[in-house]
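Here are the chains, one letter per residue:
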Amino acid sequence: MKFTCDKTSLLREISFAQEIIASKNALSIMSNVYLEATDSRLLIRATDVKVGFETSIPVSDVVPGAMTVFCDKLTGILSSLPEGDIGIEQDQGRAVLRPASKKARFQLKTLSGEKYPELPRAEEQSYFEMPAKEFRRMVVQTLFSVSTDETRYFMNGVFMEKSPEGSLIMVSTDGRRLAFIKNESAGSLPDFKPVIIPTKVLGIINKRLSDEGMLGIAITEKNIFFRFNAYQISSVLIEGQFPNYQKVIPQNQKTKFSAKKEDMMEALKRVSIFVEQKSNRTFFSLSVGSLILSSEETEIGAAREEIACDYEGEDTTFALNYRYIEEPLRVLDSETITVEFSEPSRAITLRPEPASDYFHIVMPMQID
Amino acid sequence: MKRYAEISKLIMEILGEFTPEMRQLSIDEALLDMTGTQRLWGCPEDAAARIKKRIAEQAGLTVSIGAGPNKYIAKVASGYNKPDGLTIIVPGGEKNFMRSLSIEKLWGAGEKTRKALADIGIGSIAQLQEASPAKLKARFGQAGAKFLITAATGQDPGVFLDETVSRSMSVERTFQFDTCDMESILSLLRQFSDELIARLWSENLCSCCLGIKIRYDDFSSITRQCVRESGYEASEEAYSDAAKLLRQNWDGKRPIRLIGASFMNLQPAGSTQTNLFESGHERESCAQRAVLALQQKGKGRITRARYLKNKPE
């Protein structure tokens, strides 16, 4: 096997592959990237067993064949080389790399391509398309609220379903807060059973997907597939029962306040310096026209900051983990935000102002 | 060993009566902050004499006491005149007292540190007091030098800074005979979970970290722990994690001599995060709290049916 290609375009794909590969063990084929040269293209595959990745780039000077090489070292070599072409040739169990720009020669041990695990496939007709920008928007709103508690594996991913009216819904929760988005601009969707998508694949999509063009999605019994540009990415789905999220979404919050998002983020940033590190408990005290954010008083000190807000109800105080406010604030895409609530022991709802197709729910902390 | 622990507990209880600010350092050592107790127990000499007397009467033992303006000097003084010693360092006398001691008495500086000190020509506390900070810094780093300088002058280098009231609670039991019987080990773990949860509630604490301890027939021990995102709310939750830890870490073949369980990283219960979804243990938790409340009021003893010795037909 042999091929020549532009180093920069090979590096781009190989570093993508390296992100998928979880193993760092040089002896395992799971640490390797699969390379297959055919005619004028190089097929690149990587997998960590759960997530599969496949793409291809144009190459020249081809002798067809397949091999796998230790991806970590290949990335290392490619990223340290200057721009220009690179020739790669398989020679008796080794891959020999010859950059055109340097008098250098690198050898990498190869493992046979035949032993590389097969990637799952979806049938062509099961793919549907939606605007890439819309899918990405949904991932951004939900990805951060996922639970990292492995004992609650069914919350370790984002839940996705088609609503009865045909919109696409994504929900994520860690049991204390919840993110919800219902997208009506996803286009016409085929019916599919609700799925729980692991965070790894969504993180990759979020990073690599551009806001232009369409994203192809296919869902099978055990896997989900994404297709954009020359990429095909698959992931196993999380099996399990996602909690009944509809039950915990507050339907009629009694009262609300609005504030400038920037004011609230800035104040939170300062007050959080004094917040008790283990619990992150921060107090939010409301009175007409004012919101006071404060920390607990500890031996070290205390913080308190008042910001203007639009509120006309009774004086009230609730306690929240500041991270559960800070994280949604970062993704709310409006200048003003609204917080709806009923009483200090019940869930609050964060929304952009004006309201959009998404919101975030946060459970409070006990006050004493 | 058991007897030793019993006596230790008794002595610690006696010490606890002299000041609420009592901190047990080891099985036979404790720090007492006597600030503000002068009207109650008199001057340091009188207070120390009372403590010695009480311990002699109730436990039949002599103890060595050191007293001083800070914890460090008190600790060093307690070792000055063993056994049955009493050494009191008055404020201002720390430096001179330290000077009178051999370098081996510099608490917190072990064999290796002493050797390193000897390497740079320091063989006594007096020499250490006069050594240049720069020289010490070059050999021991900033923190190390600071410790040596502070300790040598009898000031508190902050060795007790990380203290908190109670950061963990544990129960353990030694079997009468070493055992491989999963059932009886699990049933003990269930009992421990009940006990620990009850203690957690009665002290108004919460914990997200549970550990188990296994001691094998050859006296080697292991401890294993798990952490969850939210605090344990019912003994069933604690039991299921403890049982899981046991199954993951014991092959079922090696005889076990002792089993223990503990809650670590204890925090005040008030500041807990509430949950969106019910854990499924709410009812159990309510029942357990009710049983506990009844017991505290002395209104009967309610226990799990599985603990009954004579089970009804």
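It should be emphasised that the depicted structure is a prediction, and the values quoted were computed from it without experimental measurement. (Residues numbered from 1 in each chain as written. Chains lettered and ligands numbered in written order. Predicted model: local features only at pLDDT ≥ 70, side-chain atom pairs only at ≥ 80, totals over all residues. Heavy atoms only, no water.)

A. Structural detail: the overall build of chain B. Within chain B one finds eleven helices and ten strands. Buried positions account for 38% of the 313 residues belonging to chain B. For chain B, the share of sequence-separated contacts (at least 6 apart) that also reach a separation of at least 24 residues comes to 60%. (Helix = DSSP H or I, 4+ residues; strand = E, 2+ residues; numbered from the N terminus. Buried < 20%, exposed > 50% of the residue type's maximum accessible area, 1.4 Å probe, protein only. Contact = heavy atoms within 4.5 Å.)

B. Inspection of the layout of surface pockets at higher detail. Here the second largest pocket is characterised by a volume of approximately 1000 Å³. Lining of the second largest pocket is provided by 43 residues; of these, Arg176 of chain A together with Ser230, Gly231, Thr272 and Gln273 of chain B occupy positions nearest its centre. Mapped onto the lining of the second largest pocket, the elements with two or more residues apiece are α9 (182-202), β6 (205-206) and α11 (282-296) of chain B. Ranked by the residues each element gives to the lining of the second largest pocket, the list is headed by α11 of chain B, at four residues. (1 Å grid on protein atoms, 1.4 Å probe; cavity = no way out; pocket = protein on both sides within 12 Å on 5 of 7 lines; lining within 4 Å. Points joined across faces, edges and corners; volume = space filled by probe spheres on them.)

C. View of the sheet that holds strand β23 (residues 336-341) of chain A. All names here are of chain A. Strand order in the open sheet formed by eight strands is β14-β11-β12-β13-β25-β24-β23-β18, with antiparallel pairing between adjacent strands. This sheet does not close on itself; its edge strands, each paired only once, are β14 (195-198) and β18 (255-260). Neighbouring strand axes in the sheet, compared pairwise and without regard to direction, differ in orientation by 25 degrees on average. Inspection of the sheet shows β18 paired to β23 by six bridges, in the antiparallel sense. Within the sheet, the bridge partner assigned to Lys256 lies in β23 and is Glu340. Contacts from helix α4 (residues 199-208) reach β11 (157-162) and β14 within the one sheet, and its direction differs from that of β14 by about 65 degrees. (Pairing = 2+ DSSP bridges. Axes fitted to C-alpha atoms, helices over the stretch in contact; angles between N-to-C directions.)

D. Structural context of the packing of helix α5 (residues 261-271) of chain A against helix α6 (residues 322-331) of chain A. Residues and elements named next belong to chain A. Look at α5 against α6: their axes get within 10 Å of each other, and the N-to-C directions meet at 140 degrees. The angle between α5 and α6 falls in the class oblique. In terms of crossing hand, the pair formed by α5 and α6 is left-handed. Taken together, the residues of α6 that come into contact with α5 (itself represented by Lys261, Met264, Met265 and Leu268) are Tyr322, Ile325, Glu326, Leu329 and Arg330. Class assignment of the residues belonging to the contact of α5 with α6 gives a composition of six nonpolar, no polar and three charged. (Parallel < 35°, antiparallel > 145°, perpendicular 65-115°, else oblique. Left-handed = near helix turned anticlockwise from the far one by under 90°. Nonpolar A, V, L, I, M, F, W, Y, C, P; charged D, E, K, R; others polar.)

E. Just the interface of chain B and chain A, in detail. Listed per partner, the contact involves 13 residues of chain B and 27 residues of chain A. Taken together, the two surfaces of chain B and chain A that pack against each other cover about 1700 Å², and 53% of this comes from carbon and sulfur. Put simply, chain B and chain A have four residue pairs in polar contact (both at pLDDT 80 or more) between them. Taken together, the residues of the side of chain B that touches chain A sort by class into three nonpolar, eight polar and two charged. (Buried area = accessible area lost by both parts, 1.4 Å probe. Polar contact = N/O pair within 3.5 Å; in protein donor to acceptor, adjacent residues only side chain to side chain.)

F. Structural detail: the packing of aromatic side chains. All names here are of chain A. With the rule as written, the count across this model stands at 20 aromatic pairs over all chains. Ring centres of Phe128 and Phe192 lie 6.2 Å apart, and the angle between their planes is 10 degrees; on these two criteria the pair is classed as stacked. Taken together, the positions of Phe128 in strand β10 (residues 128-131) and Phe192 in the loop between β13 (177-183) and β14 put the pair 64 residues apart, joining distant regions of the chain. On the basis of relative accessible area, Phe192 is assigned to the buried category, the value being 15%. Between Phe284 and Phe318, the ring centres sit 6.2 Å apart and the planes meet at 15 degrees, which makes this aromatic pair stacked. Note that Phe284 is positioned in strand β19 (residues 281-287) and Phe318 in strand β22 (residues 316-321), a separation of 34 residues in sequence. The exposure class assigned to Phe284 is buried, which follows from its relative accessible area of 1%. (Phe/Tyr/Trp six-rings, centres within 6.5 Å; stacked < 30°, edge-to-face > 60°.)

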